[in-house]
Amino acid sequence: MAPVGLLAATLALGGCSGITSALGYDRTVPDEFAVVARAPLTLPPTTALNPPTPGAPRPQEGTATDRAESVVFGTDSQGILLTGAVTVAGSASRGEVTLLDRAGAGAVQPNIRLVVERETDQAIRDSEGLIDSLLFWQTQDPAGVVVDAAAESRRLANNAALGVPLNEGDVPVILPREKAPLEGLFDF
């Protein structure tokens, strides 16, 4: 009887928040703002920047000497070796450059985006197969209204004969017939 009473008391007091936390049934989550200490705001030691001088060469363009050196020695301003079709870091050996040249690493196709889009469109069209035919077995009716041409020409002729404006009256349309619930399911 005592175990049953103890079990009943535990279940009755289980709803109390103090008992659930004392028994370890609740979960405490650490406060993320209390865990990380914020660094104090500091100012940089100096805010003096060199203002640009009007007419001075831009530092990223380099001097005329740098440009001439890159033309003569085949390197750019960062010391990168420029070969015919492939740009390689300055530490590359002649064999690495030759390998990259023969592999076509420098051949850039100017219309690569167009080629990728065409290939993607073709892959999408090729993937439409059995699953799509099972999921979308009914053909959708074309959007819009179809005008009955013969009835429209008779209406226009009648309006012209009566001297009534051409836009007066209802335009005759062809209404699609209602399909049966299982129509088109077994068309092969």
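Residues numbered from 1 in each chain as written. Predicted model: local features only at pLDDT ≥ 70, side-chain atom pairs only at ≥ 80, totals over all residues. Heavy atoms only, no water.

Draft legend 1. Broad picture of the overall build of the protein chain. Assigned secondary structure in the protein chain consists of eight helices and four strands. Each helix and strand of the protein chain, placed in order from N terminus to C terminus, yields the pattern α-α-α-α-β-β-α-α-α-β-α-β. Out of the 188 residues belonging to the protein chain, those deemed buried represent 7%. Within the protein chain, counting contacts between residues at least 6 apart in sequence, those at least 24 apart form 25% of the total. With an accessible surface of roughly 17,000 Å², the protein chain has 62% of that area assigned to carbon and sulfur atoms. (Helix = DSSP H or I, 4+ residues; strand = E, 2+ residues; numbered from the N terminus. Buried < 20%, exposed > 50% of the residue type's maximum accessible area, 1.4 Å probe, protein only. Contact = heavy atoms within 4.5 Å. Areas by Shrake-Rupley, 256 points an atom, 1.4 Å probe, with all protein chains shown as cover.)

Draft legend 2. How the structure looks around the pattern of salt bridges. Taken as a whole and assessed by the stated rule, the structure comprises one salt bridge. Between arginine 155 and glutamate 152 there is a salt bridge whose closest N-O contact spans 2.9 Å. Note that arginine 155 and glutamate 152 are positioned in helix 8 (residues 149–162) at a spacing of three residues, about one turn of the helix. Assigned by exposure class, arginine 155 and glutamate 152 land together as buried. (Salt bridge = Lys/Arg side-chain N within 4 Å of Asp/Glu carboxyl O.)

Draft legend 3. Representation of a nonpolar patch on the surface within the structure. The grouping of Leu130, Ile131, Leu134, Leu135 and Phe136 at the surface amounts to a nonpolar patch, some 610 Å² of accessible area in total. By secondary structure assignment, the location of leucine 134 is in helix 7 (residues 130–135). Judged by its relative accessible area of 56%, leucine 134 is exposed. (Patch = residues over 30% accessible without salt bridge, like charges linked within 9 Å, V, L, I, M, F, W, Y side chains within 5 Å.)

Draft legend 4. Geometry of the side chain of arginine 155. Given the relative accessible area of 13%, arginine 155 is considered buried. Not counting the four nearest positions on each side in its chain, arginine 155 is found in contact with Leu166, Asn167, Glu168, Gly169, Asp170, Val171 and Pro172.

Draft legend 5. Quick peek at the side chain of asparagine 159. As for its position among the elements, asparagine 159 is in helix 8. In this view, asparagine 159 contacts Val164, Pro165, Leu166 and Glu168; residues no more than four positions away in its chain are not counted.

Draft legend 6. The arrangement of the confidence of the model for the protein chain in detail. For the protein chain, the mean per-residue pLDDT works out to 75, and 72% of the residues sit at or above 70. Across the protein chain, the element-wise mean pLDDT spans from 50 in strand 1 (residues 81–82) up to 92 in helix 8. (pLDDT = per-residue confidence, 0-100.)

Draft legend 7. Summary view of helix 8. Taking 1.5 Å per residue as the helical rise, helix 8 with its 14 residues ought to reach 20 Å, and the 20 Å between its terminal C-alpha atoms agrees with that figure. Those residues of helix 8 lying buried are Ala151, Glu152, Arg155 and Asn159. Angular distribution of buried residues about the axis of helix 8 spans 100°; they occupy a single face of the element. Turned more than 90 degrees away from the buried face of helix 8, the exposed residues are Ala149, Arg154, Ala160 and Ala161. Residues of helix 8 that are buried sit in contact with strand 3 (146–147). Positive backbone phi, at 75°, marks glycine 163, one or two positions downstream of helix 8. (Expected span 1.5 Å × (residues − 1). Arc of directions from axis to C-beta.)

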